[in-house]
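# Tertiary structure, described
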Amino acid sequence: MNTFGKTLRRSVAAGAVALAAFSLQPLSAQAQPAPDASAAPPVVGGTRAEQGEFPWMVRLSMGCGGALYSKTIVLTAAHCVDGSGPDTSITATAGVVDLQDSNAIKVKSTEVLQAPGYNGTGKDWALIKLAQPIENVPTLPIAESNAYDKGEFGVAGWGADKEGGNQQRYLLKATVPFVDDGTCKGAYPDLVEGEEICAGLMDTGGVDTCQGDSGGPMFRKDDGGAWVQVGIVSWGEGCARPGKPGVYTEVSHFAADIKKGADELGG
Ligand code: 4AZ
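Treat the numbers as computed from the prediction; the structure is a model and nothing was measured.

## A short note on the packing of aromatic side chains
Counted by the stated rule, this structure contains nine aromatic pairs. Ring plane angle 80° and centroid distance 6.0 Å describe the contact between Trp56 and Trp227, whose orientation is recorded as edge-to-face. Remark: Trp227 occurs in strand β14 (residues 227–237) and Trp56 occurs in the loop between β2 (47–48) and β3 (57–60); sequence separation between them is 171 residues. With relative accessibility at 2%, the residue Trp56 sits in the buried group. Each ring, one from Trp125 and one from Phe254, has its centre 6.5 Å from the other, and the planes form 45°; the classification is tilted. Placement of the pair is Trp125 in the loop between β8 (105–114) and β9 (126–130) and Phe254 in helix α3 (residues 251–264), with a sequence separation of 129 residues. Here Trp125 and Phe254 have matching classes, each one buried. Within the aromatic cluster, the residues linked to one another by ring pairs are Phe54, Trp56, Phe219 and Trp227.

What follows is the structure in structure tokens.
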């Protein structure tokens, strides 16, 4: 699907891309960063996350990623869900890097809250309420100000490891640098600057999220050394192309709305 075009928010739900998360990785062999060990991690082709490294990572059965916002709520992308209301069709898999691990925690959804006003442009966030709490798994706090909307970010997912590639059994991870709004707007005139944040290697490409990584978190450490979620994998033109960074929902912009939505879902 859409291997060569702009991957819209709807693409994940639409199809093949469905798996989940973003794998951020480097996509093509020809677009890899130079082997500079001091630069971005050698994610060319992506590197595997360790069990427990990103414990709040969730895989959703429609083929998206997500993050555990609370014991009973997963934060994902609006384009990964069909709308708001009762929904028992989604299964969240948590607690494992290997989706086939017998220790995987699998919980069904009861309800979905898609961002109010979502129409396919911006506002790409949604909450999924779970039928049972996921216990003993750390949650991922969201950024409540734009203080962390800079620097280097982590991304992870079970999505494609290259444009048009397969979804992954094992969670992959990568690091991508912040791309400022002006630069990103140059790449994507449609960018909704206040609601979206971009990341990627503008010059070389080679590291990125991709089909099926949608809905998963972009994260970094806060000043106290704790993980904080700054983005939600949303869209981009292809994967890991030079000059075409990944576009992420700017979580801090929606923090109050997300919190309110979670309250409405009962925490
Ligand atoms: C997707 O379809 C997708 N390169 C996610 C991220 C990006 C492109 C597509 C960014 O899930």
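## With respect to α3
An α-helical turn contains 3.6 residues, so any two residues separated by three or four positions project in the same direction. Its 14 residues place the ends of α3 18 Å apart at the C-alpha level, agreeing with the 20 Å of an ideal helix rising 1.5 Å per residue. Restricting attention to buried positions, one finds in α3 the residues Val251, Ser252, Phe254, Ala255, Ile258, Gly261 and Ala262. Buried residues in α3 make contact with β4 (64–70), β5 (73–76), β8, β9, β14 and β15 (246–250). Following α3 by one or two positions, Gly266 has its phi on the positive side, about 90°.

## Structural notes on the pairing of strand β12 (residues 196–199)
Burial along β12 is two-sided: the residues Glu196 and Cys198 and Ile197 and Ala199 are all buried. Bridge analysis of strand β11 (residues 172–179) against β12 gives two bridges, and the strand direction is antiparallel. Note on β12: the bridge partner recorded for Val179 is Cys198.

Rules used in this analysis
Residues numbered from 1 in each chain as written. Predicted model: local features only at pLDDT ≥ 70, side-chain atom pairs only at ≥ 80, totals over all residues. Heavy atoms only, no water. Phe/Tyr/Trp six-rings, centres within 6.5 Å; stacked < 30°, edge-to-face > 60°. Helix = DSSP H or I, 4+ residues; strand = E, 2+ residues; numbered from the N terminus. Buried < 20%, exposed > 50% of the residue type's maximum accessible area, 1.4 Å probe, protein only. Expected span 1.5 Å × (residues − 1). Contact = heavy atoms within 4.5 Å. Pairing = 2+ DSSP bridges.

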